[in-house]
Amino acid sequence: MSKYKSDFLNILDERGFIHQCSDFDALDAKLLEGVQSAYIGYDPTGPSLHVGHLYTIMILHWFQQSGHKPISLMGGGTALIPDPTLKDKTRPLLGPDEINKNIESIKSVFSKFVTYNDSETGAVMVNNYDWLSELDYIGFLRDVGGHFTVNRMLTFDSVKTRLERELPMTFIEFNYMILQGYDFVELHRRYGTTLQMGGSDQWGNIINGVELGRKMDRAELFALTAPLLTTTSGAKMGKTEGGAVWLNADQTTPYDYYQYWRNVEDADTARLLKIFTLLPMDEIKKLESLQGQEINEAKKVLAFEATKLCHGEQAATDAQDTAQKTFEQGSVGDDLPSIEIDAARLGEGISVVDLLVETGLASSKGEARRLIKGGGARVNDNKIEAEDQNISTAELTTDNYVKLSSGKKKHALVRVS
């Protein structure tokens, strides 16, 4: 039996997206009144979004699939000032040109998950710079600032943590939550938006907007958050030894993206199938029942479906074929990361330490040496015994490449140009 009356909340509940809501019953009823508008905000502080962002983008996807209108709010205005996060350091300030460049870079990502058009349920992308840049400071303080108390703001975890550690918090950061709260008011006025969603770490900021809308416009607004996305072992989802797993192909290749999902912890597989694929729940439940080595089959489905959703079916197929050739057939696939080396340079011999760094299998020479010392570095599947070993044309296979490996799961090819 369904827990809610609205399709949207039932889908989120079944797939594990729900953590907290300002008023479940009232929101459930509101979603039955007709097409509603909801938004999630993204600060364009880099040229690509990552898997952590995809978590909430999928919520926008299901919102639209449930017959409602999703809004992706780009924080072109709020990105100009630092967000008071739970981190110890203030976020670096970005300039308008860099922010606009980042927005252009990440725009294409959203269209893979939601449909932008002029229909009643068509997605909309807006930039809060459009209204924040036009605010009159004195008027804003009078009309908006008066609804916030310092006493309340000091209770938020993002503020308390910094103060308890006696770490500085700038006046700019303190203003961030006021601006974010005002975004909700502005979107309600422009689009009739009644719901803001986000990760659980944004609860305080979202509630600010709900309360501000009630005080300024007597609007009935709602907050809905998803639980913190972590692995079973407690690590933050979407991170690897090499950094974040990006959604843009020029930041994380489709093959590396596929491999990220293929290598998730067994215990996380079913949960991630629910969150990061569009597979029907009946099919996911069948995969969830797999045990032992059979879980690998479920992880292959997860990797393929997640990659198809983000990069297209052909990219997913290519990544799958490469992985199969590399790990199951003992050969290499066309999608394996590779670099080209001048034949004359290879003929003279190149330090294996240098090649591990150049192929991206190690982030530094120190890491490469540690990898070799620990027995995790291989050339053509043979263990590299010494740090001073050189790679030359003698190691070229009949297919004219040298295969380097870091552990059992990370591989790269050195080809001759």
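Read on for a plain summary of the structure. (Residues numbered from 1 in each chain as written. Predicted model: local features only at pLDDT ≥ 70, side-chain atom pairs only at ≥ 80, totals over all residues. Heavy atoms only, no water.)

Our next topic: the sheet that holds strand β12 (residues 382–383). Strand order in the open sheet formed by 5 strands is β9-β15-β14-β11-β12, with mixed pairing between adjacent strands. Looking at the sheet topology across the chains shown, the edges are occupied by β9 (338–341) and β12. Relative to strand β15 (residues 410–416), β9 runs parallel, the two being bridged by 4 bridges. Paired with S338 across the strands is L413, a residue of β15. (Pairing = 2+ DSSP bridges. Helix = DSSP H or I, 4+ residues; strand = E, 2+ residues; numbered from the N terminus.)

The next thing to look at is the pairing of β15. Here 6 bridges tie strand β14 (residues 401–406) to β15, and the two strands are oriented antiparallel to one another. Bridge pairing in β15 places L404 opposite A412.

A cluster of nonpolar side chains, contributed by Y137, I138 and L141, occupies part of the molecular surface with about 310 Å² of accessible area. Since its relative accessible area comes to 47%, Y137 is described here as partly exposed. (Patch = residues over 30% accessible without salt bridge, like charges linked within 9 Å, V, L, I, M, F, W, Y side chains within 5 Å. Areas by Shrake-Rupley, 256 points an atom, 1.4 Å probe, with all protein chains shown as cover. Salt bridge = Lys/Arg side-chain N within 4 Å of Asp/Glu carboxyl O. Buried < 20%, exposed > 50% of the residue type's maximum accessible area, 1.4 Å probe, protein only.)

Right, let's talk about the pairing of strand β3 (residues 69–74) for a bit. Counting buried residues in β3 gives 6 out of 6 residues, a clear majority hidden from the surface. Neither face of β3 is exposed, since K69, I71 and L73 on one face and P70, S72 and M74 on the opposite face are all buried. Relative to β3, strand β2 (residues 37–42) runs parallel, the two being bridged by 6 bridges. When the bridges of β3 are listed, S37 appears paired with K69. In the classification by handedness, the crossover that spans β2, the intervening helix α3 (residues 51–65) and the parallel β3 is right-handed. As paired strands, β3 and strand β4 (residues 124–127) are joined by 4 bridges and run parallel to one another. Bridge assignment links S72 to a residue of β4, and that residue is M125. (Right-handed = clockwise from strand over helix to strand, strands pointing away.)

Taken in spatial order, the 6 strands of this open sheet run β1-β6-β5-β2-β3-β4, and their pairing is mixed. Edge positions in the sheet fall to β1 (20–21) and β4, since each has one partner strand and no second. Running at roughly 160 degrees to β3, helix α4 (residues 96–110) makes contact with β2, β3 and β4 of the sheet. (Contact = heavy atoms within 4.5 Å. Axes fitted to C-alpha atoms, helices over the stretch in contact; angles between N-to-C directions.)

Let us look at the side chain of T252. Note on placement: T252 falls in the loop between β8 (243–244) and α11 (254–262). Of note is the side chain of T252, whose polar atom sits 2.9 Å from the backbone nitrogen of W246. In contact with T252, other than residues within four places in its own chain, are A244, V245, W246, Y257 and H311. (Polar contact = N/O pair within 3.5 Å; in protein donor to acceptor, adjacent residues only side chain to side chain.)

Right, let's get into the packing of aromatic side chains. Across all of its chains, the model carries 10 aromatic pairs by this definition. Ring geometry for Y42 and F110: centres 5.2 Å apart, planes at 70 degrees, overall edge-to-face. With Y42 in strand β2 and F110 in helix α4, this pair connects stretches of sequence that are 68 residues apart. Since its relative accessible area comes to 0%, F110 is described here as buried. Between the aromatic rings of F140 and Y182, the centroid separation amounts to 5.5 Å while the plane-to-plane angle is 90 degrees, which identifies the pairing as edge-to-face. Of the two residues, F140 sits in helix α6 (residues 137–143) while Y182 sits in helix α9 (residues 171–191), which places them 42 residues apart along the sequence. One exposure class covers both F140 and Y182, and it is buried. Through successive ring pairs, a cluster of aromatic residues spans F17, Y55, Y257, Y260, W261 and F276. (Phe/Tyr/Trp six-rings, centres within 6.5 Å; stacked < 30°, edge-to-face > 60°.)

What follows deals with the environment of S392. Note on placement: S392 falls in the loop between β13 (390–391) and β14. Setting aside residues no more than four positions away along its own chain, S392 makes contact with L346 and G349.

In this section: a negative patch on the surface. Residues D13, E14, D282 and E283 make up a contiguous surface patch of negative charge. At the level of secondary structure, the elements contributing two or more residues to the negative patch comprise α1 (7–15) and α13 (281–288). (Lys, Arg positive; Asp, Glu negative; His and termini not counted. Charge placed at Lys NZ, Arg CZ, Asp CG, Glu CD.)

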